[in-house]
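Descriptive analysis of the structure
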Amino acid sequence: MIRYVECPRDAWQGFRRFIPTEEKVAFLKALLEAGFRHLDLTSFVSPKWVPQMADAEEVLAALPPPQGRTYLAIVANEKGLERALRAKNLTHVGYPLSLSETFQRRNTNRGLEKSWPLVEAMAKAVEGRLGLVVYLSMAFGNPYGDPWDVGMVLEAVARLRALGVGEIALADTYGVADAGRIREVLGAVVERFGPEGIGAHLHARREEAWEKAEAALEAGVLWLEGALAGVGGCPFAGDELVGNLPTELLLPHLEARGLATGVDLSRLPALAGEAARLRALYA
Ligand SMILES: CC(C)C(=O)C(=O)O
């Protein structure tokens, strides 16, 4: 079975107006009812930088217990990690680690030299309490002019594995990679480390979304991420937000390839409509 992660956190984080907590919770509950099993749903980050996620604790507490499902929140520093460790219902934290020094500073306000020790500390702190996913951003190229090559990606994955990080998703935060680059990078990673615990968090315009997802699958990846209606993008990446892979487009393709996600496909049009409605109201 493929692991499909729905990312309302990524969808909502750049919205300018605050989505009332009850509306967030209602949407997340609808996702659970439709059969989504893996949600990246909030972040424990400073409300000064991402005011949309100021209600992270309340949102989590209002959800049904995970019961085998994944409820993930992004954390970017020690303070966020402390909040995550105290939060109700959380199962996983996700840490954004970039291959790009420039983006790491833009996104987490700290350079790579200090970010790697944080990953190590995080892996120890969550042990036996929460799962840890490291999102390796700018894994498919570097739009800021920092050095990048496939060897750097392989080296970073090896270093993470040596720190005991089993779950690593390669992220194209800026949406710079084409299908060929995705196949090349993920192919090299899967060839060296196997598909277990290797994910792809891609960003794309709607018309190129399936081609990119397919490239990841061809490379052997069995963990994909996206967001309904293709909403989202990192507000700290650049001027243009390139959205997530649209879930309502991907899941029927996956099902047709025999890769079931457990989601009731008949609910996707209404859920995508709701995601678009939230964007129209709050983006
Ligand atoms: C934190 C990661 C998953 C992210 O949102 C991105 O790189 O787009």
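Residues numbered from 1 in each chain as written. Predicted model: local features only at pLDDT ≥ 70, side-chain atom pairs only at ≥ 80, totals over all residues. Heavy atoms only, no water.

A closer look at the sheet that holds strand E8 (residues 223-226)
Basically, it comes down to this: Here, a strand pair is defined by DSSP locating no fewer than two bridges between the strands. Here a strand is any run of E in DSSP of at least two residues, a helix any run of H or I of at least four, and the numbering for each starts at the N terminus. Each axis is a line fitted through C-alpha atoms, taken for helices only over the stretch in contact, and angles between the N-to-C directions span 0 to 180 degrees. By definition, residues are in contact when any of their heavy atoms lie within 4.5 Å.
Spatial strand order, E1-E2-E3-E4-E5-E6-E7-E8: 8 strands in a closed barrel with parallel pairing. For this sheet, the mean inter-axis angle between neighbouring strands, taken without regard to orientation, is 30°. Sheet topology places strand E7 (residues 198-201) next to E8; 2 bridges connect them, and they run parallel. Bridge pairing links His201 to Glu225 in E8. On top of the sheet, helix H10 (residues 247-256) reaches strand E1 (3-6) and E8; it is set at about 170° to E1, its chief contact.

Description of the pairing of strand E5 (residues 131-137)
The side chains of a regular strand alternate, residue by residue, between the two faces of the sheet. Heads up, the rule is: The buried label goes to any residue with under 20% of its type's maximum accessible area, the exposed label to any with over 50%, and the partly exposed label to all in between, with areas taken from a 1.4 Å probe on protein chains only. Viewed with both strands pointing away, a crossover whose connecting path from the first strand over the helix to the second turns clockwise is right-handed.
In terms of residue burial, E5 counts as a mostly covered element, since 7 of its 7 residues are buried. Of the two faces of E5, the one carrying Gly131, Val133, Tyr135 and Ser137 and the one carrying Leu132, Val134 and Leu136 are both buried. With 5 bridges joining them, E5 and strand E6 (residues 167-171) adopt parallel strand pairing. In the sheet register, Val133 faces E6, and the bridge partner there is Glu167. A crossover links E5 with its parallel partner E6, the connecting element being helix H7 (residues 150-162), and its sense is right-handed.

Quick look at the site of the ligand
Note the cut-off: Here a residue is considered near a molecule or strand provided that any single heavy atom belonging to it is located within 4 Å of it. Counting of polar contacts relies on pairs of N or O atoms within 3.5 Å, with two restrictions inside protein: one atom must be capable of donating a hydrogen and the other of accepting it, and residues adjacent in sequence are counted only when both atoms are side-chain atoms. Using the Shrake-Rupley algorithm and a 1.4 Å probe, accessible areas are obtained, with residue cover drawn only from the displayed protein chains. Any residue outside Ala, Val, Leu, Ile, Met, Phe, Trp, Tyr, Cys, Pro, Asp, Glu, Lys and Arg is labelled polar, Gly included; the first ten of those are nonpolar and the last four are charged.
The full set of residues close to the ligand is Arg9, Asp10, Ile74, Tyr135, Ala171, Thr173, His201 and His203. Here Thr173 contributes a side-chain N or O atom positioned 2.6 Å from an oxygen atom of the ligand. Relative to its free-state accessible area of 260 Å², the ligand is covered by the protein chains to the extent of 94%. Here the residues of the shell around the ligand sort into 3 nonpolar, 3 polar and 2 charged.

So, helix H2 (residues 21-34)
The cut-off we apply is this: Each residue after the first adds 1.5 Å to the expected span of a helix.
For H2, with 14 residues, the first-to-last C-alpha span of 20 Å sits near the 20 Å given by 1.5 Å per residue. When H2 is considered as a whole, its buried residues turn out to be Thr21, Glu23, Lys24, Val25, Phe27, Leu28, Leu31, Leu32 and Ala34. At its buried positions, H2 is contacted by E1, helix H1 (8-12), strand E2 (38-44), helix H3 (56-61), strand E3 (70-75) and helix H11 (268-282).

Overview of the environment of Ala84
Here Ala84 lies in helix H4 (residues 78-86). For the pair formed by Ala84 and Gly233, sequence separation is 149 residues and the distance between their alpha carbons is 23 Å. Those residues in contact with Ala84, other than ones at most four positions away along the chain, are Phe44, Val75, Leu90, Val93 and Leu130.

Regarding unusual backbone geometry
With a phi close to 70°, Asn89 is a non-glycine residue in the positive phi region. Within the secondary structure, Asn89 sits in the loop between H4 and strand E4 (92-98). With relative accessibility at 14%, the residue Asn89 sits in the buried group. At Met138, a residue that is not glycine, the phi angle is positive and equals roughly 55°. The topology assignment puts Met138 in the loop between E5 and H7.

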